[in-house]
Amino acid sequence: GAVVSQHPSWVICKSGTSVKIECRSLDFQATTMFWYRQFPKQSLMLMATSNEGSKATYEQGVEKDKFLINHASLTLSTLTVTSAHPEDSSFYICSASLEGNTEAFFGQGTRLTVV
Amino acid sequence: AQSVSQHNHHVILSEAASLELGCNYSYGGTVNLFWYVQYPGQHLQLLLKYFSGDPLVKGIKGFEAEFIKSKFSFNLRKPSVQWSDTAEYFCAVLSYNTDKLIFGTGTRLQVFP
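Residues numbered from 1 in each chain as written. Chains lettered and ligands numbered in written order. Predicted model: local features only at pLDDT ≥ 70, side-chain atom pairs only at ≥ 80, totals over all residues. Heavy atoms only, no water.

Caption draft 1: Representation of the state of the cysteines. All names here are of chain A. By the definition in use, this model includes two disulfides over all chains. At a sulfur-sulfur separation of 2.0 Å, the disulfide partner of cysteine 23 is cysteine 94. In this structure the cystine formed by cysteine 23 and cysteine 94 twists about its S-S bond by roughly 80°; its chirality is therefore right-handed. With cysteine 23 in strand β3 (residues 19-25) and cysteine 94 in strand β9 (residues 90-97), this residue pair connects regions lying 71 residues apart in the sequence. Both residues of the pair, cysteine 23 and cysteine 94, count as buried. (Disulfide = S-S within 2.5 Å. Helix = DSSP H or I, 4+ residues; strand = E, 2+ residues; numbered from the N terminus. Buried < 20%, exposed > 50% of the residue type's maximum accessible area, 1.4 Å probe, protein only.)

Caption draft 2: Looking closely at the confidence of the model for chain A. Mean pLDDT for chain A: 90, with 96% of residues reaching 70 or above. Ranking the elements of chain A by mean pLDDT puts strand β10 (residues 104-106) of chain A last with 85 and strand β8 (residues 76-81) of chain A first with 96. (pLDDT = per-residue confidence, 0-100.)

Caption draft 3: Structural view of the interface of chain B and chain A. Listed by partner, the interface residues are 20 residues for chain B and 17 residues for chain A. For the pair chain B and chain A, the summed buried surface comes to about 1500 Å²; carbon and sulfur atoms form 55% of the total. The salt bridge partner of A:Glu59 is B:Lys100, with a shortest N-O separation of 2.7 Å. Linking chain B with chain A are five residue pairs in polar contact (both at pLDDT 80 or more), by the criterion used here. Sorting the residues of the side of chain B that touches chain A by element identifies β5 (31-38), β6 (45-50), β10 (87-95) and β11 (101-103) of chain B as the ones contributing at least two each. For the side of chain B that touches chain A, a count of residues per class yields 11 nonpolar, six polar and three charged. (Contact = heavy atoms within 4.5 Å. Buried area = accessible area lost by both parts, 1.4 Å probe. Salt bridge = Lys/Arg side-chain N within 4 Å of Asp/Glu carboxyl O. Polar contact = N/O pair within 3.5 Å; in protein donor to acceptor, adjacent residues only side chain to side chain. Nonpolar A, V, L, I, M, F, W, Y, C, P; charged D, E, K, R; others polar.)

The following block contains the structure:
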(Lines give C-alpha, C1' and ligand atoms only; values in the text may rest on other atoms or scores of the structure.)
Protein backbone atom coordinates (compact mmCIF):
# COMPACT_ATOMS: atom_id res chain seq x y z
CA GLY A 1 0.00 0.00 0.00
CA ALA A 2 0.90 3.65 -0.20
CA VAL A 3 3.19 5.10 2.44
CA VAL A 4 2.60 8.21 4.48
CA SER A 5 5.43 9.47 6.63
CA GLN A 6 5.01 11.82 9.54
CA HIS A 7 7.79 13.72 11.25
CA PRO A 8 8.67 14.02 14.04
CA SER A 9 7.37 10.95 15.83
CA TRP A 10 7.46 12.75 19.13
CA VAL A 11 8.26 16.24 20.31
CA ILE A 12 8.46 18.01 23.63
CA CYS A 13 8.20 21.77 23.64
CA LYS A 14 7.87 24.58 26.12
CA SER A 15 4.57 26.33 26.64
CA GLY A 16 4.24 29.32 24.31
CA THR A 17 6.42 27.97 21.54
CA SER A 18 5.30 26.68 18.14
CA VAL A 19 5.75 23.20 16.75
CA LYS A 20 5.60 22.08 13.13
CA ILE A 21 4.59 18.57 12.13
CA GLU A 22 5.17 17.31 8.60
CA CYS A 23 3.14 14.77 6.69
CA ARG A 24 4.49 13.36 3.45
CA SER A 25 3.06 10.93 0.95
CA LEU A 26 6.14 9.05 -0.18
CA ASP A 27 5.04 7.17 -3.26
CA PHE A 28 1.89 8.86 -4.41
CA GLN A 29 0.42 12.31 -4.90
CA ALA A 30 -2.21 13.26 -2.39
CA THR A 31 -4.56 16.02 -3.37
CA THR A 32 -6.22 15.76 0.02
CA MET A 33 -4.68 15.19 3.41
CA PHE A 34 -6.45 15.00 6.73
CA TRP A 35 -5.26 15.91 10.20
CA TYR A 36 -6.58 14.09 13.24
CA ARG A 37 -6.09 14.39 16.95
CA GLN A 38 -6.30 11.38 19.23
CA PHE A 39 -6.71 11.75 22.96
CA PRO A 40 -5.65 8.88 25.22
CA LYS A 41 -7.99 5.92 24.92
CA GLN A 42 -10.25 7.85 22.56
CA SER A 43 -10.96 7.87 18.88
CA LEU A 44 -9.48 10.01 16.17
CA MET A 45 -11.07 13.41 15.93
CA LEU A 46 -10.91 15.06 12.53
CA MET A 47 -9.37 18.50 12.86
CA ALA A 48 -9.13 19.69 9.30
CA THR A 49 -9.04 18.73 5.67
CA SER A 50 -6.06 19.99 3.73
CA ASN A 51 -6.25 20.48 -0.02
CA GLU A 52 -3.19 21.21 -2.10
CA GLY A 53 -2.97 24.82 -3.13
CA SER A 54 -5.95 26.03 -1.16
CA LYS A 55 -6.92 26.88 2.38
CA ALA A 56 -7.63 24.08 4.77
CA THR A 57 -11.16 23.35 5.91
CA TYR A 58 -11.42 23.17 9.67
CA GLU A 59 -13.93 21.21 11.70
CA GLN A 60 -16.19 22.98 14.10
CA GLY A 61 -14.43 23.86 17.33
CA VAL A 62 -10.91 23.70 15.89
CA GLU A 63 -9.08 27.02 16.05
CA LYS A 64 -7.58 27.69 12.65
CA ASP A 65 -5.27 30.38 14.01
CA LYS A 66 -3.86 27.94 16.50
CA PHE A 67 -3.52 24.96 14.19
CA LEU A 68 -2.04 26.31 10.99
CA ILE A 69 -2.16 23.94 8.06
CA ASN A 70 -0.23 24.34 4.86
CA HIS A 71 -0.48 22.01 1.89
CA ALA A 72 2.08 23.47 -0.46
CA SER A 73 2.61 20.45 -2.68
CA LEU A 74 0.94 17.20 -3.63
CA THR A 75 3.21 15.28 -1.28
CA LEU A 76 3.54 17.52 1.75
CA SER A 77 1.19 18.98 4.31
CA THR A 78 2.29 20.65 7.53
CA LEU A 79 0.49 21.31 10.79
CA THR A 80 1.88 24.04 13.01
CA VAL A 81 0.65 24.24 16.57
CA THR A 82 1.19 27.87 17.47
CA SER A 83 1.74 29.15 21.01
CA ALA A 84 1.35 25.65 22.34
CA HIS A 85 -0.11 25.03 25.78
CA PRO A 86 -0.20 21.88 27.90
CA GLU A 87 -3.78 21.19 26.83
CA ASP A 88 -2.52 20.86 23.26
CA SER A 89 -0.55 17.80 24.30
CA SER A 90 -1.92 14.95 22.25
CA PHE A 91 -1.28 12.48 19.49
CA TYR A 92 -1.61 14.05 16.04
CA ILE A 93 -2.11 11.85 13.01
CA CYS A 94 -2.24 12.72 9.35
CA SER A 95 -3.69 10.72 6.52
CA ALA A 96 -3.68 11.01 2.78
CA SER A 97 -5.95 9.68 0.09
CA LEU A 98 -5.43 8.94 -3.53
CA GLU A 99 -7.78 10.72 -5.84
CA GLY A 100 -11.37 9.77 -5.49
CA ASN A 101 -13.11 8.13 -2.59
CA THR A 102 -10.56 5.48 -1.78
CA GLU A 103 -8.96 4.31 1.41
CA ALA A 104 -6.86 6.64 3.49
CA PHE A 105 -3.27 5.89 4.41
CA PHE A 106 -2.05 7.01 7.78
CA GLY A 107 1.18 8.39 9.11
CA GLN A 108 2.66 6.92 12.24
CA GLY A 109 1.53 9.88 14.30
CA THR A 110 3.28 12.56 16.33
CA ARG A 111 3.10 12.64 20.09
CA LEU A 112 3.25 16.24 21.23
CA THR A 113 3.97 17.04 24.84
CA VAL A 114 3.85 20.66 25.95
CA VAL A 115 5.53 21.39 29.26
CA ALA B 1 -24.54 15.63 11.82
CA GLN B 2 -22.76 12.60 10.55
CA SER B 3 -21.59 10.16 13.20
CA VAL B 4 -20.19 6.69 13.65
CA SER B 5 -20.86 4.69 16.78
CA GLN B 6 -19.19 1.55 18.07
CA HIS B 7 -21.15 -0.21 20.75
CA ASN B 8 -18.39 -2.12 22.44
CA HIS B 9 -15.73 -0.02 24.11
CA HIS B 10 -13.76 -2.85 25.64
CA VAL B 11 -13.96 -6.52 24.76
CA ILE B 12 -12.09 -9.29 26.54
CA LEU B 13 -11.93 -12.74 24.98
CA SER B 14 -10.05 -15.97 25.30
CA GLU B 15 -8.17 -17.34 22.33
CA ALA B 16 -10.34 -19.25 19.84
CA ALA B 17 -13.47 -17.34 20.88
CA SER B 18 -15.55 -15.70 18.18
CA LEU B 19 -15.60 -11.95 17.78
CA GLU B 20 -18.19 -9.49 16.61
CA LEU B 21 -17.76 -5.75 16.93
CA GLY B 22 -20.67 -3.49 16.14
CA CYS B 23 -20.54 -0.34 14.03
CA ASN B 24 -23.43 1.91 13.08
CA TYR B 25 -23.38 5.14 11.18
CA SER B 26 -25.79 7.97 10.57
CA TYR B 27 -25.50 9.20 7.02
CA GLY B 28 -27.67 9.51 4.05
CA GLY B 29 -26.37 8.83 0.62
CA THR B 30 -23.44 6.81 -0.60
CA VAL B 31 -20.70 5.84 1.78
CA ASN B 32 -17.51 3.84 1.85
CA LEU B 33 -16.90 1.85 5.01
CA PHE B 34 -13.67 0.80 6.67
CA TRP B 35 -12.30 -1.05 9.64
CA TYR B 36 -8.87 -0.04 10.85
CA VAL B 37 -6.72 -1.68 13.50
CA GLN B 38 -4.12 -0.07 15.72
CA TYR B 39 -1.74 -2.48 17.41
CA PRO B 40 0.01 -1.25 20.54
CA GLY B 41 2.64 1.31 19.61
CA GLN B 42 1.87 1.14 15.91
CA HIS B 43 -0.05 3.27 13.47
CA LEU B 44 -3.40 2.60 11.95
CA GLN B 45 -3.66 -0.18 9.42
CA LEU B 46 -6.53 -1.04 7.14
CA LEU B 47 -8.27 -4.32 7.94
CA LEU B 48 -10.92 -4.22 5.26
CA LYS B 49 -13.12 -1.90 3.27
CA TYR B 50 -16.45 -1.83 1.52
CA PHE B 51 -17.11 0.32 -1.52
CA SER B 52 -19.81 -1.56 -3.42
CA GLY B 53 -20.88 -5.03 -4.52
CA ASP B 54 -20.99 -8.03 -2.20
CA PRO B 55 -21.91 -6.70 1.24
CA LEU B 56 -19.83 -9.38 2.92
CA VAL B 57 -16.21 -8.33 2.64
CA LYS B 58 -13.15 -10.23 3.70
CA GLY B 59 -10.05 -8.56 4.99
CA ILE B 60 -6.66 -9.50 6.27
CA LYS B 61 -5.92 -11.89 9.13
CA GLY B 62 -9.23 -13.72 8.85
CA PHE B 63 -11.45 -10.71 9.54
CA GLU B 64 -14.67 -10.07 7.67
CA ALA B 65 -17.44 -7.51 7.85
CA GLU B 66 -20.99 -7.32 6.63
CA PHE B 67 -22.62 -4.17 5.33
CA ILE B 68 -26.36 -4.05 6.07
CA LYS B 69 -27.64 -0.95 4.37
CA SER B 70 -31.09 -1.05 5.97
CA LYS B 71 -29.52 -1.07 9.42
CA PHE B 72 -26.73 1.39 8.62
CA SER B 73 -24.36 -1.16 10.09
CA PHE B 74 -20.96 -2.57 9.23
CA ASN B 75 -20.09 -5.15 11.89
CA LEU B 76 -16.68 -6.74 12.09
CA ARG B 77 -16.34 -10.48 12.72
CA LYS B 78 -13.70 -13.12 13.21
CA PRO B 79 -14.60 -16.74 13.97
CA SER B 80 -11.59 -17.49 16.13
CA VAL B 81 -9.42 -14.77 17.67
CA GLN B 82 -5.76 -15.04 18.52
CA TRP B 83 -3.66 -13.38 21.19
CA SER B 84 -2.04 -11.32 18.42
CA ASP B 85 -5.41 -9.73 17.66
CA THR B 86 -5.11 -7.66 20.83
CA ALA B 87 -5.45 -4.10 19.55
CA GLU B 88 -7.74 -1.13 19.14
CA TYR B 89 -10.29 -1.41 16.33
CA PHE B 90 -11.85 1.57 14.62
CA CYS B 91 -14.79 1.70 12.28
CA ALA B 92 -14.72 4.60 9.81
CA VAL B 93 -17.11 5.99 7.25
CA LEU B 94 -16.34 8.12 4.24
CA SER B 95 -19.30 10.04 2.95
CA TYR B 96 -19.40 10.90 -0.74
CA ASN B 97 -21.20 14.10 0.17
CA THR B 98 -18.59 15.50 2.52
CA ASP B 99 -15.48 13.57 1.44
CA LYS B 100 -14.50 13.25 5.10
CA LEU B 101 -13.41 10.08 6.86
CA ILE B 102 -15.07 9.97 10.27
CA PHE B 103 -14.09 7.47 12.93
CA GLY B 104 -16.04 5.66 15.57
CA THR B 105 -14.92 5.78 19.19
CA GLY B 106 -12.94 2.58 18.88
CA THR B 107 -13.08 -0.79 20.59
CA ARG B 108 -10.25 -2.11 22.64
CA LEU B 109 -9.89 -5.87 22.21
CA GLN B 110 -7.88 -7.94 24.65
CA VAL B 111 -7.33 -11.59 23.89
CA PHE B 112 -5.95 -13.85 26.59
CA PRO B 113 -4.17 -17.13 25.83
